[in-house]
Each structure stands twice: as structure tokens, then as C-alpha cells.
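# Reading the structure
The chain contents come next:
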Amino acid sequence: MATGACRLLRIQQRGYSLRFHPANLSSQLWIDPNEREESLSFLRAYLKPGDHVIDVGANVGDTVLTASTQAGRSGRVVGIEAHPTTFDYLRENVALNGADNVELIHSAVGAVTGTARFSDDRRDDMNRVDGGDLQMPIERLDRLVPGAQPVALLKVDVEGYEKFVFDGATEVLRRTQCVYFEVSAVHFRRFGYCTRNVIEMLRADGFQVFNTREPGHLSRVDADFDTESFENLVALRDVQECRRRTGWAVRCECGTD
């Protein structure tokens, strides 16, 4: 990694490969190629050929390329990444796999249009809108991905800035069936809000929210749910459609599937 020679190496994943860029996620996958299997299992189960997917906070591209593989040539994947170096790695990985169904956008995403200070941390997968050294364009998701096409899945992982992404995605959320997003009380406090605010926002928009702690199962969470670490939650507009797509058990508040 110190010499840059790692970029000559490839990390094989299910259906695609990634260059061993000098980045945290690439390093983790070089050590253990199965590192992300649990996190990606829901995407692999849910996404189908022809789906339209939006990935906000695409990092080096493992979720983008997983979605690309599942959606197939008739599908479309939009990958959005703000950090310039990470975006270059993402673009190289998409090109490496000839993923013609992927569109990449270099921008931060939030509630307003303008510019934002973005961090440039050596822990590259932790970079975020945070008053850092980089000045980046920031845009509402509604303007970055306009149109009326239904969105099968919207994935958001932006290190605590999730609420502001949703604030700027009113129209996108209306045409989205499933939201896959990261929550962390630690990250949310940095921006002055809490997990309840995000869950209530999505519930008000017609979604039910579930966790994915048990493989093959989704368990409904209420507005009091919280975690001090990091956890991916799933917001569903149509529970039966999720059951049909995934074959997963979906446990609602009554405790039954």
C-alpha cells in the first residue's frame, strides 16, 4: 500500500472484482474477501434484474457492483461518492468490471444545494460532511437523480449525514420501495439529531423499519430503537413485496412472520 503496488492486485468478490486500492475497505477485503458478505446479503436477496438502485456513499464500489450484478443489463445503478480520491477508486472499479449499467456522480448529498466542507481523514471510509479541509459541491438527491422511474432500493451510508440526505430526497423517497441505511447514535449526535428522528421521518413517509441482525430475517423496530455502534436498517414500503423478493421472514411488531 505504501508504494501503490497494491493496485496491481485484484480482490475477487461474488460476480465482480475490486482493485486493491490503498483504502480501508480494500484492505479489509484483501485480508478477508468475505468481510462484507453479511452486509451485502440483503442486497443480493432483494435486488432483481431490471431494478433501479441509488447508492449514496458508494465508497470504492462493493455495493454499487453488487447492485449492478443483481440488476443486470436491463437495470440501472446510480453510485454517488463525494470524496475525490475515493471517487477515483470507485470509477476504476466500475471500469474494471465493464459495468455499463452504472452511472457515477461525484458530489456530496444533503438538504440544500451549494458547497460543503468535507473531511479528508486517512480512515477514508469515515470521511463526511464535517467542516474539513475539502470543499465539495453538495446537492439534493432530488436534483441529482430526477425523474419518475421507480426506485427498487435506495442505499444511504454517509457517516451520520443520513437525515440531511433524506431531507433533500422527498421526491426520490416517494418513488422508492426500500431504503437500506446505516444508523449510529454516535454519528447522529455529531449533527444534532438522533435515530428516532430518522425512523419517524421514514415512517411518516409510509415505510416500516426493520433490522437485519438475524440472517434471513427482518425484525420490525419502533421509534425507540437506537445503537451506539453502527447498524444497517431496512425501511420497507411493501412488506409482502419484500417477502416475495427475498424469501426472508419478516417479523412485524406482533412477533410473528
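Read on for an overview of the structure.

The rules behind the values
- Residues numbered from 1 in each chain as written.
- Predicted model: local features only at pLDDT ≥ 70, side-chain atom pairs only at ≥ 80, totals over all residues.
- Heavy atoms only, no water.
- Pairing = 2+ DSSP bridges.
- Helix = DSSP H or I, 4+ residues; strand = E, 2+ residues; numbered from the N terminus.
- Axes fitted to C-alpha atoms, helices over the stretch in contact; angles between N-to-C directions.
- Contact = heavy atoms within 4.5 Å.
- Phe/Tyr/Trp six-rings, centres within 6.5 Å; stacked < 30°, edge-to-face > 60°.
- Buried < 20%, exposed > 50% of the residue type's maximum accessible area, 1.4 Å probe, protein only.
- Parallel < 35°, antiparallel > 145°, perpendicular 65-115°, else oblique.
- Left-handed = near helix turned anticlockwise from the far one by under 90°.
- Nonpolar A, V, L, I, M, F, W, Y, C, P; charged D, E, K, R; others polar.
- Arc of directions from axis to C-beta.
- Polar contact = N/O pair within 3.5 Å; in protein donor to acceptor, adjacent residues only side chain to side chain.

## So, the sheet that holds strand β11 (residues 208-211)
In a beta sheet, neighbouring strands are held together by backbone hydrogen bonds and run either parallel or antiparallel to one another. A sheet is described by the order of its strands in space; here nine strands give the open sequence β5-β4-β3-β9-β10-β13-β11-β12-β14, paired in mixed fashion. Each edge of the open sheet carries a strand with a single partner, namely β5 (102-106) and β14 (249-251). Ignoring strand direction, the axes of neighbouring strands in this sheet form an average angle of 20°. Across four bridges, β11 lies against strand β13 (residues 231-236) in antiparallel orientation. Residue pairing across strands places Val-209 opposite Ala-235, the latter belonging to β13. Lying over the sheet, helix α3 (residues 62-71) contacts β3 (52-56), β4 (76-81), β5 and β9 (153-156), oriented at roughly 175° with respect to β4.

## Quick word on the packing of aromatic side chains
Tallying each qualifying case throughout the model produces ten aromatic pairs. Centroid distance Phe-42 to Trp-248: 5.5 Å. Interplanar angle 75°. Geometry classified as edge-to-face. Placement of Phe-42 in helix α2 (residues 37-46) and of Trp-248 in the loop between α10 (239-246) and β14 is noted, with a sequence separation of 206 residues between them. You'll find Phe-42 and Trp-248 in the same group, each marked buried. Consider the rings of Phe-166 and Phe-181, whose centres lie 5.9 Å apart with planes at 85°: the pair is edge-to-face. Linking Phe-166 in helix α6 (residues 162-167) with Phe-181 in strand β10 (residues 178-183), this pair joins segments that are 15 residues apart in sequence.

## Let's talk about the packing of α2 against α3
At their nearest, the axes of α2 and α3 sit 9 Å apart, and the two run at 25° to each other. By the angle between their directions, the pair α2 and α3 is classed as roughly parallel. The way α2 lies across α3 gives a crossing that is right-handed. Of the residues in α3, those touching α2 at Leu-40, Leu-43 and Arg-44 are Asp-62, Thr-63, Thr-66 and Gln-70. Broken down by class, the residue content of the contact of α2 with α3 amounts to two nonpolar, three polar and two charged.

## Regarding α10
Among all positions in α10, only Val-239, Cys-242, Arg-245 and Thr-246 are buried. For α10, the angular spread of the buried residues around the axis is 125°, confining them to a single face. Looking at α10, the residues exposed on the side facing more than 90 degrees away from the buried face are Gln-240 and Arg-244. Taken together, the buried residues of α10 touch α2, β11, β12 (217-220), β13 and β14. Between the side-chain oxygen of the N-cap and the backbone nitrogen of Gln-240 there are 3.1 Å, and the N-cap of α10 in question is Asp-238. The positive-phi residue at the C-terminal boundary of α10 is Gly-247, with phi of around 75°.

## Things to note about helix α9 (residues 195-204)
Residues Thr-195, Val-198, Ile-199 and Leu-202 constitute the buried set of α9. Down the axis, α9 shows its buried residues gathered within 95° of arc, on one side only. Once α9 finishes, Gly-206 follows within two positions and takes phi at roughly 100°, a positive value.

## Focus on the environment of Thr-212
Tracing the backbone through its elements, the reader meets Thr-212 in the loop between β11 and β12. It is 7.0 Å that separates the C-alpha atoms of Thr-212 and Asn-232, two residues lying 20 residues apart in sequence. The contact partners of Thr-212, leaving out residues within four places of it in the chain, are His-217, Leu-218, Asn-232 and Val-234.

## Section: the sheet that holds strand β8 (residues 134-139)
Ordered in space as β6-β8-β7, the three strands form an open sheet in which the pairing is mixed. The open sheet has two edge strands with one neighbour each: β6 (108-109) and β7 (114-118). Judged from the five bridges that link them, β7 and β8 form a sheet pairing that is antiparallel. Opposite Phe-118, over in β8, you have Leu-134 as the bridge partner.

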